[in-house]
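Next come the chains, spelled out residue by residue.
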Amino acid sequence: MIVNIFLLIFGIYEITTALKCSFAKKPPQGCARFGVMTDMHYYPANLVNCNSPVYQNYLKQDAKLTEESGAVIDAAINAMLACEVEFVILAGDLTNEGEKQSHLELAELLHKFTQKGIQVFVTPGNHDINNRLAMSYLNNEQTPIDTINEHDFEEIYYNFGFKQAYSRDVDTLSYCARVKEGLNIITIDANQYKNNKDKPLPDGILSDDSVTWAENEIRSSLKRGERIIGVMHHGLVEHFENQGKSFRAFLVNDFDKIGQRLVEAGLDFVFTGHLHAQDISSAIYNGKSITDIETAALTSVPFAWRLCCINHDELIIETRYIDEIDFDYGSDLPFRKWATQRVWEGLLELEAYFLKQYNGLTEEQTKIAAPYYARAFMAHFCGDENPSQEDKEFYLKHKNDPQSPYYEVAKIFSALWTDLPDSDNDLTLHLRHID
Ligand SMILES: [Fe+2]
């Protein structure tokens, strides 16, 4: 009887877990499950006095969660473990502003995977290394604290990619590692931490030598009949019209030339982050396609990570959301509803600042345009954008009127709302044939 009850409970648990983690599209046999999270911007809650005006002021222009980040990451880790992923990819901006303490504590959290034999592969983002914005917010003061250099990064995350690496680029933290039989990973680090001064440089640069290293590794992997997964922090393919002009810093410099070289070498797809959006978009060079699978910041709207499965022929990509965290955020609202409201308020402030500072709008004009800007970005963060009649009317009216004070920004709103082909949240990619 006891055995029967145990079997029943265990059976229900198994079914619940399986349902929670089942793919909408059933993966084929032999498909390797993995998780992708990025731009978690981890920040230890004990580095802040949450009530201090200095910290509250800092948060005003922050479109993500900060002191709650550890709880959000923990929820994602638990969800991935429940989904029985075989490996995990982190595409940069692991920490808030490259604080040494954040890196050390995050590495501890990631051990939850390695303790269960699940491999983790990390690459840095522009905020992670040599960042003078690393601060604590205790005693109502902003105080500089230790950041790390590239050697520290490699040491802290040794077990999360560098140990497994069979090839390293000499100039960057890029590496190639074996994931399992017939499957490799290449991380391509275009960050400019060596040139950072007062702030981390947002744009990404790759030398000709680093691109040549990547081309050679991709070719050799395919020659051996081994599929290769690409990972970068910076985007490789434009995610909206004219991104290369209006938001160039979120793409690697010369993205089209580098994209062409990598696709010719045999790369089918790359997981990216940086602009904090759920957006998948492809470029075609000489009839060969390369897909950039950007994932949103885990600690911002829509609080998502990717559950994927790869086999010899296809890559299944689905989106999973964080609905609950183990943290008292001081509200009865469900986590995502509360957190979305918090991000919305930060985003409104942030966009108002940009509209005044960079687009020269008056206070009154900023008040009108900021909600349109914030809504366009929120929609882009969530993916599969679909503008309301009001938003559409605003950008269509002003982007076609060079006399309008909103002429320039309306073109950006329009681009953000216009979703390029490729479904952003759930998609199956058919991979090119390898022998
Ligand atoms: Fe980021």
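The paragraphs below set out a description of the structure included in this document. Keep in mind it's a predicted model, so treat the numbers as computed, not measured.

## Examining the sheet that holds strand E8 (residues 183-188)
Spatial ordering of the open sheet is given by E6-E7-E8-E9-E10-E12-E11, a layout of 7 strands whose pairing is mixed. What marks the edges here is a single partner per strand, and that holds for strand E6 (165-168) and strand E11 (279-285). Neighbouring strand axes in the sheet, compared pairwise and without regard to direction, differ in orientation by 25 degrees on average. As paired strands, E11 and strand E12 (residues 288-294) are joined by 7 bridges and run antiparallel to one another. By the bridge assignment for E12, Ser-282 is matched with Thr-291. Those strands touched by helix H7 (residues 208-223) are E6, strand E7 (175-180), E8 and strand E9 (227-232), and its axis lies near 175 degrees from that of E8.

## Quick word on the environment of Ile-185
For Ile-185, the location among the structural elements is in strand E8. Note on Ile-185: 25 C-beta atoms within 10 Å, which makes it buried. Taking the C-alpha atoms as reference points, Ile-185 and Pro-405, 220 residues apart in sequence, are found 47 Å from one another. Among all residues touching Ile-185, those that are not within four sequence positions of it are Phe-121, Cys-176, Ala-177, Val-179, Ile-228, Ile-229 and Val-231.

## Brief notes about the pairing of strand E1 (residues 32-37)
Every other side chain in a regular strand lies on the same face of the sheet, so the side chains alternate between the two faces. In this structure, E1 lies alongside strand E13 (residues 304-310), joined through 5 bridges in antiparallel fashion. In the sheet register, Phe-34 faces E13, and the bridge partner there is Cys-308. Bridging between E1 and strand E2 (residues 87-90) involves 4 bridges; their strand directions are parallel. If you follow Met-37 over to E2, its bridge partner there is Leu-90.

## Things to note about the packing of H7 against helix H9 (residues 255-265)
At their nearest, the axes of H7 and H9 sit 8 Å apart, and the two run at 20 degrees to each other. On the basis of their axis angle, the class for H7 and H9 is roughly parallel. Between H7 and H9 the crossing geometry is right-handed. Contacts between H7 and H9 involve Val-211, Ala-214, Glu-215, Ile-218 and Arg-219 from the former and Ile-258, Arg-261, Leu-262 and Ala-265 from the latter. For the contact of H7 with H9, a count of residues per class yields 6 nonpolar, no polar and 3 charged.

Rules used in this analysis
Residues numbered from 1 in each chain as written. Predicted model: local features only at pLDDT ≥ 70, side-chain atom pairs only at ≥ 80, totals over all residues. Pairing = 2+ DSSP bridges. Helix = DSSP H or I, 4+ residues; strand = E, 2+ residues; numbered from the N terminus. Axes fitted to C-alpha atoms, helices over the stretch in contact; angles between N-to-C directions. Contact = placed C-beta atoms within 7 Å. Buried ≥ 20, exposed ≤ 12 C-beta atoms within 10 Å, placed from the backbone. Parallel < 35°, antiparallel > 145°, perpendicular 65-115°, else oblique. Left-handed = near helix turned anticlockwise from the far one by under 90°. Nonpolar A, V, L, I, M, F, W, Y, C, P; charged D, E, K, R; others polar.

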